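Analysis of the macromolecular model
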Amino acid sequence: MNALLLEILAWYEWLRALHIISFVAWMAGLFYLPRLFVYHAQVKPGSDASETFKVMERKLLRIIMNPAMIATWVFGLTMLAARPDLLGHGWFHVKLFAVVLLTIVHMVFARWRRAFAEDRNTRDHRFYRIANEIPTILLIVIVIMGVVEPF
Ligand code: HEM
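Residues numbered from 1 in each chain as written. Predicted model: local features only at pLDDT ≥ 70, side-chain atom pairs only at ≥ 80, totals over all residues. Heavy atoms only, no water.

**Considerations on the coordination of the iron atom of the ligand**
- Bound to the iron atom of the ligand are the protein donor atoms His 19 (NE2) and Lys 95 (NZ), situated 1.8 to 2.1 Å from the metal.
- One can describe the donor arrangement at the iron atom of the ligand as octahedral, given that its 6 donor atoms subtend angles of 83 to 179 degrees at the metal. Placement of His 19 in helix 2 (residues 12–40) and of Lys 95 in helix 4 (residues 90–117) is noted, with a sequence separation of 76 residues between them. For the pair His 19 and Lys 95, a shared accessibility class is recorded, and that class is buried. (Donors = N, O, S within 2.8 Å, 3.2 Å for Na, K, Ca; no water. Tetrahedral: all angles 85-135°; square planar, octahedral: opposite > 155°, others 65-115°. Helix = DSSP H or I, 4+ residues; strand = E, 2+ residues; numbered from the N terminus. Buried < 20%, exposed > 50% of the residue type's maximum accessible area, 1.4 Å probe, protein only.)

Below, the structure is given as structure tokens:
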């Protein structure tokens, strides 16, 4: 094994801690952003409340969610580089598939945020209430795969 991989293994527990901190921050944003959309969809475009939601949504995405998503991927892939054996397990494939779906959900939320920012939203609050449940379902799958490793 080369020196870089040995070095990563020496820091493995730290990487895992940083990975957990990053995905908790990412998930917090994935829960909160569609919640803001639920409230935003109930106010008039151009109102003071609408302009306040725009600022909250932009800051949440740019300051918390984008960096947390990148950090989750970087720490996760760094650990994987030192533990390629994980790719031999079915649970890891399911976890990675769910993480890719979560990343797509993040991108879709970012598009919806842009539509709100440009006063182009046409969906009502019930739509966003349903969208709000998707990250929860993916989180349950990802954590069960990563912790229970069922197959
Ligand atoms: C972005 C791509 C991701 C990759 C490449 C990745 C990869 C990894 C790796 C290699 C480990 C260490 C596994 C071990 O040592 O047994 C790990 C741990 C973990 N990951 Fe991820 N992960 C990713 C995203 C996520 C996400 C989005 C979540 C949660 C929403 C998550 C939840 C966890 C948990 C809870 C652990 C700790 C498991 C334990 O310590 O028993 N991961 N991840």
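Anyway, onward from the coordinates.
**What to know about the packing of aromatic side chains**
- As enumerated under the stated definition, the model contains 9 aromatic pairs in all.
- Pairing Phe 37 with Phe 109 gives two aromatic rings, centres 6.4 Å apart and planes at 85 degrees, and the pair type is edge-to-face. On the criterion of sequence distance, the pair formed by Phe 37 in helix 2 and Phe 109 in helix 4 is long-range, its members being 72 residues apart.
- You can call Phe 109 buried: its relative accessible area is 1%.
- Ring centres 5.2 Å apart and planes at 90 degrees place the aromatic pair Phe 127 and Tyr 128 in the edge-to-face group.
- Residue Phe 127 is classed as partly exposed on the basis of its relative accessible area, which comes to 32%.
- The structure contains a cluster of three or more aromatic residues connected by ring pairs, namely Phe 37, Phe 109, Trp 112, Phe 116, Phe 127 and Tyr 128. (Phe/Tyr/Trp six-rings, centres within 6.5 Å; stacked < 30°, edge-to-face > 60°.)

**Section: the nonpolar core**
- Ranked by size, the top nonpolar core spans 24 residues in total, and within it Leu 30, Leu 33, Phe 37, Leu 102 and Phe 109 carry the most contacts.
- Listed by contribution, the elements that provide at least two residues to this core are helix 2, helix 3 (48–82), helix 4, helix 5 (125–131) and helix 6 (134–148).
- Not counting residues within four places of it along the chain, the set of residues in contact with Leu 30 comprises Met 65, Leu 102, His 106, Phe 109, Asn 132 and Pro 135.
- Listed in part, the 12 residues of the second largest apolar core include Ile 8, Met 79, Trp 91 and Met 145. (Core = buried A, V, L, I, M, F, W, Y, C linked by side-chain atoms within 4.5 Å. Contact = heavy atoms within 4.5 Å.)

**Section: the pattern of salt bridges**
- Considering all chains together, one arrives at 7 salt bridges under this definition.
- Between Glu 118 and Arg 114 there is a salt bridge; the shortest N-O distance is 3.9 Å.
- Of the residues examined, Glu 118 reaches a relative accessible area of 43% and is grouped as partly exposed.
- What makes Arg 114 partly exposed here is its relative accessible area of 44%.
- Put simply, Glu 118 and Arg 120 hold a salt bridge, and the shortest N to O gap is 2.8 Å.
- The class of Arg 120 is partly exposed, set by a relative accessible area of 46%.
- Connected through shared salt-bridge partners, Glu 51, Lys 54 and Asp 119 make up one network. (Salt bridge = Lys/Arg side-chain N within 4 Å of Asp/Glu carboxyl O.)

**Digging into the site of the ligand**
- The environment of the ligand is formed by 23 residues, the closest being Tyr 12, Arg 16, His 19, Phe 23 and Lys 95.
- Within the side chain of Tyr 12, an N or O atom sits 2.6 Å from an oxygen atom of the ligand.
- Within the side chain of His 19, an N or O atom sits 2.8 Å from a nitrogen atom of the ligand.
- For the shell around the ligand, the secondary structure elements donating two or more residues are helix 2, helix 3, helix 4 and helix 6.
- In the shell around the ligand, the residues fall into 15 nonpolar, 4 polar and 4 charged. (Near = heavy atom within 4 Å. Polar contact = N/O pair within 3.5 Å; in protein donor to acceptor, adjacent residues only side chain to side chain. Nonpolar A, V, L, I, M, F, W, Y, C, P; charged D, E, K, R; others polar.)

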